[in-house]
Structures are given as C-alpha cells and as structure tokens.
Amino acid sequence: MSLPGDLDSRIAAQLAEVQRAIETARQHAGRTEAVELLAVSKTHSAQVVLAAARAGQIAFGENYVQEGINKILACRAAGAAGLQWHFIGPLQSNKTRVVAEQFDWVESVDRLKIAERLSEQRPAHLPPLQVCVQVNVSGEESKSGCPPEAAAALCAQIAALPNLVLRGLMAIPEPVEGVDAQRAACRPLRTLFDQIKQHGEGAVREMDTVSMGMSHDLAAAIAEGATRVRIGTAIFGLRPAKALP
Ligand SMILES: *Cc1c(COP(=O)(O)O)cnc(C)c1O
C-alpha cells in the first residue's frame, strides 16, 4: 500500500515537470502572455486533487457533472479552500443548475440555451460564472462545440447575459501526430479568437482566454497562442479506459 506522502511527492513532481514543459514551450515560441495550467482531474479521486492542491495547484477541470460535484464537495469537506473548478465536458440543459451552483468556470458552452440557463441559475451570492465558448474547430461530427462560423454571434449573446462573464474560446483540436500537424490543428482557434475579439463590441473585446492543448499537444498549442492548457494524464497518470459513473 502506498502512503499518502508517496502520492504527494509523485503528484508534486509531475506538476513541476508539466510547469517546466509549459515554460519551455512558452519561451521557445517567444510568447509573452502567461499560460495557465488547468489540472484535469476527471476519473481521479478527491485525494489526488488534494495532493495536487498541497503542491500549489489551484485550478481543476472536470468533465462529468455528478463526479465533479462529488469531488468539489469532498474537497471542501476536507477543508481545501480557494480551489477553482472548471467544467469542461458536454453539458445537457437538465444538468445546468448544479453546475451553475458549484463551478467557477464553464469552458464548454456551445449553445445559447445552455448559457441562458447558467446565467439564470447562477446564485446571486456568488460572483458571475466565467465562461468560454467551445468551438468545434475540426468539424468532426461526434465532437461537441459550436461551428466556427456561429462563434462570434454566440459570444455576443453570452456577453449580454447578466450572471456570466465571457472569457474566451475553448477547443479540443483533433488528435494528430507530429508538432507541425498539431500546430495546424490548433491554429484556427487562436485565429478565430483574435477575429472575434477585434470585431466584437463591449465585453467581447475583453476576452482573454484561449483554452487548448492537452498532454499530447501542449507545446503545439502554446506555440499557436493558447493561454490555458488542460492537462490530465501528464500530471495524474493514465485514466481507466472507461470513466467512473
Ligand atoms: C480529458 C480532457 C483533457 C485532458 O486530457 P489529457 O490528455 O489527459 O491531458 C483536456 N480537456 C478535455 C476537454 C478533456 O476531456
């Protein structure tokens, strides 16, 4: 049986390694913007999240509503304060209420109906929910995300909702091999972000987040202008093939 101390040192070492990889990619790309690290903890336990929190990680990403809520509550019950929770999975309209009540960010908003519900259901005592529009940059049928050509209008509509703050765009570029192909897959999101921001009005101009890049394409995403990478495997290790219920 491994001791909690082993877990702490393993997670701290892997977090430090990912931070170094981010910094190296950032310098290599000559980018001056900061790149945030979102630790994607889906399928991993609250104990693992708490170990990462002890190593200084603040922002965590979850894909499944019930699993995420259970983990948020478990971490709070364990006394962990000040963690920031990002919902990054597909969101159905019958699940928006708990997400609006418990998460700090939703990065996977891909239609107005979801945004409207999140805004209505955000409790008044909490700060506004921070949101990104998820864009389907690869055009694959199975992926969630709004079509690129619909993103500007959706951003403008979201910016007008009272209890949301529009922060930017998110995508899951198609998984490909090799840095050149990865960079080509990542490029459209940053290009779209710059266009929408430049031509937008009001709050759309304040967008500051381009969320893309996972364990396999972190360097390519940063080279193409990601301001946040979402990393699971490289921090926490492999996930079981099927997600926990
Ligand atoms: C699982 C997941 C990640 C992290 O993927 P890794 O390959 O484990 O780094 C990032 N973003 C989303 C939307 C995910 O579902």
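Residues numbered from 1 in each chain as written. Predicted model: local features only at pLDDT ≥ 70, side-chain atom pairs only at ≥ 80, totals over all residues. Heavy atoms only, no water.

*Asks:* If you had to explain helix H2 (residues 46–54) to someone new, which residues and values would you point to?
*Replies:* Within H2 the residues assigned to the buried category are Ala 46, Val 48, Val 49, Leu 50, Ala 51 and Ala 52. One or two residues past the end of H2 sits Gly 56, with phi positive at roughly 105°. (Buried < 20%, exposed > 50% of the residue type's maximum accessible area, 1.4 Å probe, protein only. Helix = DSSP H or I, 4+ residues; strand = E, 2+ residues; numbered from the N terminus.)

*Asks:* Could you give me a rundown of the side chain of Asn 136, with the residues and numbers involved?
*Replies:* Among the structural elements, Asn 136 can be located in the loop between strand E5 (129–134) and helix H6 (151–159). Given the relative accessible area of 11%, Asn 136 is considered buried.

*Asks:* Let's hear about the site of the ligand: which residues, and what values?
*Replies:* Near the ligand the following residues occur: Val 40, Lys 42, Asn 63, Ile 88, Ile 172, Met 214, Ser 215, Arg 230, Ile 231, Gly 232, Thr 233 and Arg 239. For the ligand, a nitrogen atom lies 2.9 Å from a polar atom in the side chain of Arg 230. Within the complex, the protein chains bury 91% of what would otherwise be the 390 Å² of accessible surface of the ligand. Comparing atom positions with the cavity grids shows the ligand to sit within the largest pocket. Looking at the shell around the ligand residue by residue, the classes come out as five nonpolar, four polar and three charged. (Near = heavy atom within 4 Å. Polar contact = N/O pair within 3.5 Å; in protein donor to acceptor, adjacent residues only side chain to side chain. Areas by Shrake-Rupley, 256 points an atom, 1.4 Å probe, with all protein chains shown as cover. 1 Å grid on protein atoms, 1.4 Å probe; cavity = no way out; pocket = protein on both sides within 12 Å on 5 of 7 lines; lining within 4 Å. Sits in = over half its atoms within 2 Å of the grid points. Nonpolar A, V, L, I, M, F, W, Y, C, P; charged D, E, K, R; others polar.)

*Asks:* Mind laying out the pattern of salt bridges, listing which residues take part and the relevant values?
*Replies:* For the coordinates displayed, the defined rule picks out 14 salt bridges. Notably, a salt bridge pairs Asp 208 with Arg 167, separated by 3.0 Å at the nearest N-O pair. Of the two residues, Asp 208 is situated in the loop between helix H7 (179–199) and strand E7 (209–211) and Arg 167 in strand E6 (residues 164–170); the sequence distance between them amounts to 41 residues. One network of salt bridges, with partners in common, ties together Arg 31, Glu 33, Arg 190 and Asp 194. (Salt bridge = Lys/Arg side-chain N within 4 Å of Asp/Glu carboxyl O.)

*Asks:* Tell me about the nonpolar core, and name the residues and values.
*Replies:* Inside soluble globular proteins, nonpolar side chains tend to come together where they are buried. Ranked by internal contacts, the top residues of the largest apolar core, which has 64 residues, are Val 106, Leu 118, Val 133, Ile 158 and Leu 169. If we ignore the near neighbours within four places in the chain, the residues touching Ile 158 are Val 109, Ala 115, Val 131, Val 133, Leu 164 and Leu 166. In terms of nonpolar packing, the next biggest core, distinct from the first, is built from seven residues, Leu 38, Ile 88, Cys 132 and Met 170 among them. (Core = buried A, V, L, I, M, F, W, Y, C linked by side-chain atoms within 4.5 Å. Contact = heavy atoms within 4.5 Å.)

*Asks:* Describe in detail the pairing of strand E4 (residues 105–109), supporting the description with residues and values.
*Replies:* A large share of E4 lies buried, amounting to five of its five residues. Pairing between strand E3 (residues 84–87) and E4: two bridges, direction parallel. Across the sheet, His 86 pairs through a bridge with Trp 105, a residue of E4. Sheet topology note: the E4/E5 ladder contains three bridges and is parallel. Counted as the bridge partner of Val 106 is Val 131 from E5. Crossover handedness for the path E4 to helix H5 (residues 112–121) to E5: right-handed. (Pairing = 2+ DSSP bridges. Right-handed = clockwise from strand over helix to strand, strands pointing away.)

*Asks:* A description of the pairing of strand E8 (residues 228–231) should follow, citing residues and the corresponding values.
*Replies:* Neither face of E8 is exposed, since Arg 228 and Arg 230 on one face and Val 229 and Ile 231 on the opposite face are all buried. Pairing of strand E1 (residues 36–40) with E8, which is carried by four bridges, proceeds in the parallel orientation. Bridged to Leu 37 within E8 is Val 229.

*Asks:* Hey, could you go over the layout of surface pockets for me, with residue numbers and the actual values?
*Replies:* The computed volume of the largest pocket comes to approximately 320 Å³. Lining the largest pocket are 16 residues, and of these Lys 42, Asn 63, Ile 172, Met 214 and Arg 239 lie nearest its centre. A class-by-class count of the residues in the lining of the largest pocket yields eight nonpolar, five polar and three charged. Approximately 170 Å³ is the volume attributed to the second largest pocket. Around the second largest pocket, the lining is made up of 15 residues, and of these Arg 76, Leu 83, Trp 85, Gln 102 and Asp 104 lie nearest the centre. For the lining of the second largest pocket, the secondary structure elements donating two or more residues are helix H3 (65–77) and helix H4 (96–102). (Points joined across faces, edges and corners; volume = space filled by probe spheres on them.)

*Asks:* Explain the side chain of Ser 93 to me, and be specific about the residues and the numbers.
*Replies:* As for its position among the elements, Ser 93 is in the loop between E3 and H4. The exposure class assigned to Ser 93 is buried, which follows from its relative accessible area of 18%. Within the structure, Ser 93 has its side chain in polar contact with the side chain of Lys 113 (distance 3.5 Å). Among all residues touching Ser 93, those that are not within four sequence positions of it are Arg 111, Lys 113, Ile 114 and Arg 117.

*Asks:* Go over the packing of aromatic side chains, please, and point to the residues and values.
*Replies:* This model, assessed by the stated rule, comprises two aromatic pairs. On the numbers, 5.6 Å between centres and 35° between planes, the contact of Phe 60 with Trp 85 is tilted. One end of the pair, Phe 60, is in strand E2 (residues 59–62); the other, Trp 85, is in strand E3, and 25 residues separate them in sequence. Ring geometry for Phe 87 against Phe 103: centres 5.4 Å apart, planes inclined by 80°, an arrangement best described as edge-to-face. In this pair, Phe 87 is assigned in strand E3 and Phe 103 in the loop between H4 and E4, connecting sequence segments 16 residues apart. By the burial criterion, Phe 87 is buried, and Phe 103 matches it. The cationic tip of Arg 228 hangs over the ring face of Trp 105; the distance from NZ or CZ to the ring centre is 4.1 Å. (Phe/Tyr/Trp six-rings, centres within 6.5 Å; stacked < 30°, edge-to-face > 60°. Lys NZ or Arg CZ within 6 Å of the ring centre and 35° of its normal.)

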